[in-house]
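Coordinates in review
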Amino acid sequence: MPKKKSNGSDQLSRVVADARRHMQEREKTYREKALKLFPHVCGRCGREFSGKQLRELTVHHRDHNHDNNPPDGSNWELLCIYCHDNEHGRLEVAESYDNSRSTRETSESDFSQRPFAALEALLKSKTDGGPEGK
Ligand SMILES: [Zn+2]
Ligand SMILES: [Zn+2]
């Protein structure tokens with residue numbers, strides 16, 4: 001049986017790196033799938049995208065759960081980066097408004113979206129496939 005006696009933080013960072021790569025690959029996959037499933041049109045403003053512009057079209061998760069990727073695309077919506085920003089911006093505003101009394105809840109729900117934001121920023125900088133979503 002394999003005995004690994006490296007210290008925990010070392011393993012943790014490897015696990016995190018693994019998870020990160022995994023997520024990036026999955027995100028690429030679902031974006032491609034979504035682009036095949038849906039017409040290349042922003043679901044909010046109706047702008048059409050093709051060629052190079054296509055990188056401005058991002059996949060939004062209707063339930064905001066990036067792990068929920070049904071193959072039929074029922075949780076996906078194609079949004080241009082501007083409408084996508086709007087979508088999340090509006091939500092954050094609504095959330096902080098609703099939870100104005102308990103700041104703890106606000107920061108918690110905030111936190112659940114932050115890791116993805118960070119990841120996607122990372123993705124953006126690593127691939128030149130353009131913005132991948134929010
Ligand atoms: Zn739009
Ligand atoms: Zn989104």
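Here's a quick rundown of the structure.

Calculation notes
Per chain, the residues get numbers from 1 upward, laid out in the order the sequence is written. Chain letters and ligand numbers both follow the written order, the letters beginning at A and the numbers at 1. Local features in a predicted model are, by the rule used here, given only for residues with pLDDT of at least 70; side-chain atom pairs are given and counted only at 80 or more, and totals for whole chains, interfaces and linings are based on all residues. In computing side-chain properties, one takes all heavy atoms of the structure into account and sets aside hydrogens as well as water. Sodium, potassium and calcium take a 3.2 Å donor cutoff, other metals 2.8 Å, and in both cases only N, O and S atoms count; water is not among them, so sites may look incomplete. Tetrahedral means four donors with every angle between 85 and 135 degrees, whereas square planar (four donors) and octahedral (six donors) require angles over 155 degrees between opposite donors and between 65 and 115 for all others; sites fitting neither are termed irregular. Secondary structure elements follow DSSP: runs of H or I no shorter than four residues count as helices, runs of E no shorter than two count as strands, and numbering proceeds from the N terminus. Exposure classes here rest on a 1.4 Å probe applied to the protein chains alone. A residue is buried below 20% of its type maximum, exposed above 50%, and partly exposed in between. Only one rule defines a salt bridge in this text: a Lys or Arg side-chain nitrogen within 4 Å of an Asp or Glu carboxyl oxygen.

For a metal with four tetrahedral donors the ideal donor-metal-donor angle is 109.5 degrees, whereas six octahedral donors ideally subtend 90 or 180 degrees. Here the zinc ion (ligand 1) is held by the protein donor atoms Cys-42 (SG), Cys-45 (SG), Cys-80 (SG) and Cys-83 (SG), which lie 2.3 Å from it. Its four donor atoms give the zinc ion (ligand 1) angles of 101 to 118° at the centre, a pattern that matches the tetrahedral case. If you list the donors of the zinc ion (ligand 1) from N- to C-terminus, the spacing comes out as C-x2-C-x34-C-x2-C. Of this pair, Cys-45 sits in the loop between helix 1 (8-37) and strand 1 (57-61) while Cys-83 sits in helix 2 (residues 81-98), and the two are 38 residues apart along the sequence. Judged by relative accessible area, Cys-83 falls into the buried class, the value being 12%.

The next point concerns the pattern of salt bridges. Here the idea is simple: oppositely charged side chains can pair when their charged atoms come close. As enumerated under the stated definition, the model contains five salt bridges in all. Residue Glu-77 pairs with Arg-44 through a salt bridge whose shortest N-O separation is 2.8 Å. With a gap of 33 residues between them, Glu-77 in strand 2 (residues 76-80) and Arg-44 in the loop between helix 1 and strand 1 connect regions that are remote in the sequence. Overall, the relative accessible area of 37% leaves Arg-44 in the partly exposed class. Of the charged contacts, one joins Arg-47 and Glu-56 as a salt bridge, the two residues approaching to 3.2 Å between their closest N and O atoms. Arg-47 gets classed as partly exposed once you look at its relative accessible area, which sits at 32%. Residue classification places Glu-56 among the partly exposed positions, given a relative accessible area of 23%. Connected via shared salt-bridge partners are Arg-44, Glu-77 and Glu-87.

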